[in-house]
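# Reading the structure
What follows is the residue order along each chain.
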Amino acid sequence: MPESPTATPAYRLRSVCVDYPTPAGPVSGARDITLDIPSTGMTVLAGPSGSGKSTLLRVLGLFERPDRGTVELDGTDLARLSHRRRRALRRGRISLVFQNPVDNLLPQLSVAGNLRAAAESAGRHRYPDDELGDVLEDLGLDGTGEWSVTALSGGQQQRLAFGCALARRTPVILADEPTSQLDDTSATRVLDVLRRLADRDLTVVVTSHDGRLIDLATRVVRLRDGALHAVADEAEAEKGHDTV
């Protein structure tokens, strides 16, 4: 049964199923998932490899259509949208950060150029220099605006990727295992950025099995074999209670 959300949901998923064909027959990437994702705070999709968390993130990012069930974003039934309308909605409302830092950036552009390009990709054609400087400072990247992104460490690149998401000003930010490719020091700095994002008026959804990131979550959604296993809000997690 659906859990009782602690905030107005950004996403409503009802009986969502995603099947993948294989030579041995269909395999379920998501099985009968009913879930609300609040419009603020950070929701972490947790579980081992093969649990369905990446599949679910692709559904939320409008890259994957469920085979069965319904998904709503801010009250809009996504199944009813044309391919063109889905692309437009994704462009204007959703930013996605991949687990490999370099996959999030344009290597031919400078650090500042990546931020400007990100803003333009969401229809923001002007990015004041003082605002750009503020973003870099918040990311701990002040003074790197004219650097090539290849001169940044992996952790710096990942922080810049979240800066690009902020530059796009989308209300939804999705991230797939954002610390998995980083060393401990770099991951800690990315966690600091995520902590600040979670405090903003944004919908942040992250897949991870990094315990430090899970500890930052306002909601933890645990998946197992493609199915919803347990959901815990921050207060419930502190008490050690999970609800489904």
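Please refer to the structure placed before this passage.
Keep in mind that what you see is a predicted model, and the values were worked out from it rather than measured.

### Re the nonpolar core
Of all hydrophobic cores here, the largest spans 41 residues; its most connected members are Met 42, Leu 115, Leu 160, Phe 162, Leu 194 and Leu 197. Within the residue set of this core, elements represented by two or more residues are strand S3 (41–46), helix H3 (111–121), helix H4 (129–138), helix H5 (154–168), strand S7 (172–176), helix H6 (184–198), strand S8 (203–207) and helix H7 (211–216). With seven residues, the single largest contributor to this core is H6. Beyond its immediate sequence surroundings of up to four residues, Met 42 is in contact with Leu 194, Ala 198, Val 204, Val 206, Leu 213, Leu 216, Ala 217, Thr 218 and Arg 219. Leu 35, Leu 60, Val 71 and Val 231 belong to the second largest nonpolar core, which has 28 residues in total.

### Remarks on the pairing of strand S10 (residues 227–233)
In terms of burial, S10 is a largely internal element, six of the seven residues being buried. Here strand S9 (residues 219–224) runs beside S10; their pairing, made up of six bridges, is antiparallel. Looking at S10, one finds that Val 221 is bridged to Val 231. Hairpin connection between S9 and S10: a loop of two residues separates the two successive antiparallel strands, and Asp 225 in this loop has a positive phi of roughly 55°.

### Remarks on the side chain of Thr 43
Within the secondary structure, Thr 43 sits in strand S3. Residue class for Thr 43 comes out buried when judged on its relative accessible area of 1%. Contact partners of Thr 43, with chain neighbours within four places excluded, come to Ile 37, Pro 38, Val 204, Val 205, Val 206, Arg 219 and Val 221.

Cut-offs used in this document
- Residues numbered from 1 in each chain as written.
- Predicted model: local features only at pLDDT ≥ 70, side-chain atom pairs only at ≥ 80, totals over all residues.
- Heavy atoms only, no water.
- Core = buried A, V, L, I, M, F, W, Y, C linked by side-chain atoms within 4.5 Å.
- Buried < 20%, exposed > 50% of the residue type's maximum accessible area, 1.4 Å probe, protein only.
- Helix = DSSP H or I, 4+ residues; strand = E, 2+ residues; numbered from the N terminus.
- Contact = heavy atoms within 4.5 Å.
- Pairing = 2+ DSSP bridges.

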